[in-house]
Amino acid sequence: MSDTSHGKNATFTLTDNRDGKAYELPVMDASVGPSVIDVRKLYAETDCFTYDPGFTSTGSCESKITYIDGDAGILLYRGIPIQDLAEHSDFMEVCYLLLYGELPTGQQKGKFEKDITYHTMLHEQIANFFRGFRRDAHPMAVMCGVVGALSAFYHDSTDINDPHHRMIASYRLIAKMPTIAAWAYKYALGQPFIYPRNELSFAENFLHMMYATPCEEYKVSPVLSRAMDRILTLHADHEQNASTSTVRLAGSSGANPFACISAGIASLWGPAHGGANEAVLTMLGEIGHKDNINEYIKKAKDKDDPFRLMGFGHRVYKNMDPRANVMRDSCHEVLEELGIKDEPLLDLAMELERIALEDEYFVSRKLFPNVDFYSGIIFKAMGIPTSMFTVLFAVARTVGWVAQWNEMVEDPSQKIGRPRQLYTGYTERPYVPIDKR
Ligand code: CMC
């Protein structure tokens, strides 16, 4: 393949060495970042598919929401650097930005917050639905089930062709996710469900529903709610990662948004994706002491050992994950504010990071800490149990999923997602009756 021209009307020439035929493939330019080769007509013209398991070289859609430059360690939501949003903005503003493309005016923000708050309560029958789960169920299993079941409760917002339905479903998902997450936690504890309170901010409300009980008021610490708000912002969207692509693929068939987000939650749960924050803490617990770090680094480098350094490496970032930098600073702030002088896990994590970043194996593969490396330590300091870590990721990512789902539904070029395959199984053969096998 060769790039034959640049700029407008650029094409790639693809030569088929089997018959010497050449094909001109259009190149589509990005506003920033790599261009893409448009292969949509490739199969019709060449009778060949492209082959890219894991989509390492494949753009699956056009999007205006989030941009990542993995080499430079840059993450932009609608063009705005994540560091600026983490420092100056708040999660509700970020939600508005992701959904609508612009930062809200004061009036727009006020109305948006009010509208989201209006949807935080769950249909009362959902409390009974929770009670069908085992108390020891993993909260991510409960999340998949309850969010999927929302379409059974909110029939009036499942028509994806109606923009008003789409908007209400989007608001419901963003607003109800913290309530569902907190109730999953309460159910595991055997404590009564705590209802949302409209005077609280999004992050405060979540902490209130997690920690209040009917017998005692819970005073939300401003430090913790600020830290929670920042964590939500950092996790809000990350372009076409596994769970977002799952949401888009599920939605491409016309499935309702509650079903699509439930599919996204299922994908997020895996340890290579959102499940990594839980896995980091488990790993740090296993390492136990700085003296054991080298042994675990050795395991991570051993190709015969399935162990990987959790919270390290990323498909896109080949530089420091900018979210991890903010998270590390936030981690120090939270521990200081909480008066935690010595947090052995933080010391261990920092030493592990230092040793890994000096190790040729990690350096040559450009493996840096990702967002999950430090988030677990903050969650732990906040008193959030390990099994809830990925749930928090899901609460934050819901707005990203919803924004991407809306963008897909509104895209006139949208088609059902239907990848093809390289078939290497049997060619046609006769059926053999059971007594002849
Ligand atoms: N520990 C040890 N080796 C690693 C690690 C790791 N964490 N990550 C990648 N490698 C090695 C891998 O073995 C391979 O080596 P080689 O070239 O010798 O075969 C090389 O680095 C490239 O790795 P890959 O698996 O081809 O890369 P990928 O893009 O398919 O995987 C990843 C990306 C995030 C799944 C992987 O880095 C990983 O498993 N990390 C640990 C899990 C984790 O922290 N996940 C959270 C990701 S960030 C939050 C999110 O988006 O959900």
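Residues numbered from 1 in each chain as written. Predicted model: local features only at pLDDT ≥ 70, side-chain atom pairs only at ≥ 80, totals over all residues. Heavy atoms only, no water.

Caption draft 1: Seen up close, the overall build of the protein chain. The helix and strand tally for the protein chain stands at 18 helices and seven strands. Taken over C-alpha atoms, the radius of gyration comes to 24 Å for the protein chain, in line with the 22 Å a tight globule of 437 residues would show. With respect to the three principal axes, the spread of C-alpha positions in the protein chain is 80 × 65 × 60 Å. When each of the 437 residues of the protein chain is scored for burial, the buried share is 48%. A fraction of 68% describes how many contacts in the protein chain between residues 6 or more apart in sequence connect residues 24 or more apart. Surface exposure of the protein chain reaches about 22500 Å², of which carbon and sulfur atoms provide 52%. Once the 44 positive and 57 negative side-chain charges of the protein chain are each reduced to a mean point, those two points are 5 Å apart. (Helix = DSSP H or I, 4+ residues; strand = E, 2+ residues; numbered from the N terminus. Rg over C-alpha atoms; globule rule 2.2 N^0.38 Å. Buried < 20%, exposed > 50% of the residue type's maximum accessible area, 1.4 Å probe, protein only. Contact = heavy atoms within 4.5 Å. Areas by Shrake-Rupley, 256 points an atom, 1.4 Å probe, with all protein chains shown as cover. Lys, Arg positive; Asp, Glu negative; His and termini not counted. Charge placed at Lys NZ, Arg CZ, Asp CG, Glu CD.)

Caption draft 2: Representation of the packing of helix α9 (residues 222–234) against helix α14 (residues 322–337) in the model. The N-to-C vectors of α9 and α14 enclose an angle of 170°; their axes lie 11 Å apart at closest approach. Judged on the interaxial angle alone, α14 and α9 are roughly antiparallel. Counting all contacts with α9, which are made through Val223, Leu224, Ala227, Arg230, Ile231 and Leu234, the residues of α14 involved are Arg323, Val326, Met327, Ser330, Glu333, Val334 and Glu337. Residues belonging to the contact of α9 with α14 are distributed by class as follows: eight nonpolar, one polar and four charged. (Axes fitted to C-alpha atoms, helices over the stretch in contact; angles between N-to-C directions. Parallel < 35°, antiparallel > 145°, perpendicular 65-115°, else oblique. Nonpolar A, V, L, I, M, F, W, Y, C, P; charged D, E, K, R; others polar.)

Caption draft 3: Quick peek at the nonpolar core. With 120 residues, the main nonpolar core has Phe130, Ile265, Leu284, Leu309 and Ile384 as its most contacted residues. No other element matches helix α18 (residues 389–410), which puts 14 residues into this core. Once residues lying within four places of it in the same chain are set aside, the contact partners of Phe130 are Leu122, Val142, Val146, Ile180, Trp183, Ala184, Tyr187 and Phe193. Among the nonpolar cores identified, the runner-up in size contains five residues, and Ala10, Phe12, Leu25 and Val27 belong to it. (Core = buried A, V, L, I, M, F, W, Y, C linked by side-chain atoms within 4.5 Å.)

Caption draft 4: Spatial organisation of the layout of surface pockets. If you add up the space inside the second largest pocket, you get close to 290 Å³. Residue assignment for the lining of the second largest pocket shows that the elements contributing at least two residues are α3 (91–100), α4 (106–118), α7 (163–189), α8 (202–211) and α9. Of the residues forming the lining of the second largest pocket, the biggest block, five residues, is contributed by α8. (1 Å grid on protein atoms, 1.4 Å probe; cavity = no way out; pocket = protein on both sides within 12 Å on 5 of 7 lines; lining within 4 Å. Points joined across faces, edges and corners; volume = space filled by probe spheres on them.)

Caption draft 5: View of the site of the ligand. Around the ligand, a shell composed of 22 residues is seen, among which His273, Leu309, Gly311, Phe312 and Arg315 lie nearest. In this structure, an oxygen atom belonging to the ligand sits 2.5 Å away from a side-chain N or O atom of His273. Between an oxygen atom of the ligand and a side-chain N or O atom of Arg315, the distance comes to 2.7 Å. Within the complex, the protein chains bury 75% of what would otherwise be the 930 Å² of accessible surface of the ligand. (Near = heavy atom within 4 Å. Polar contact = N/O pair within 3.5 Å; in protein donor to acceptor, adjacent residues only side chain to side chain.)

Any link to function would need more than the numbers given here.
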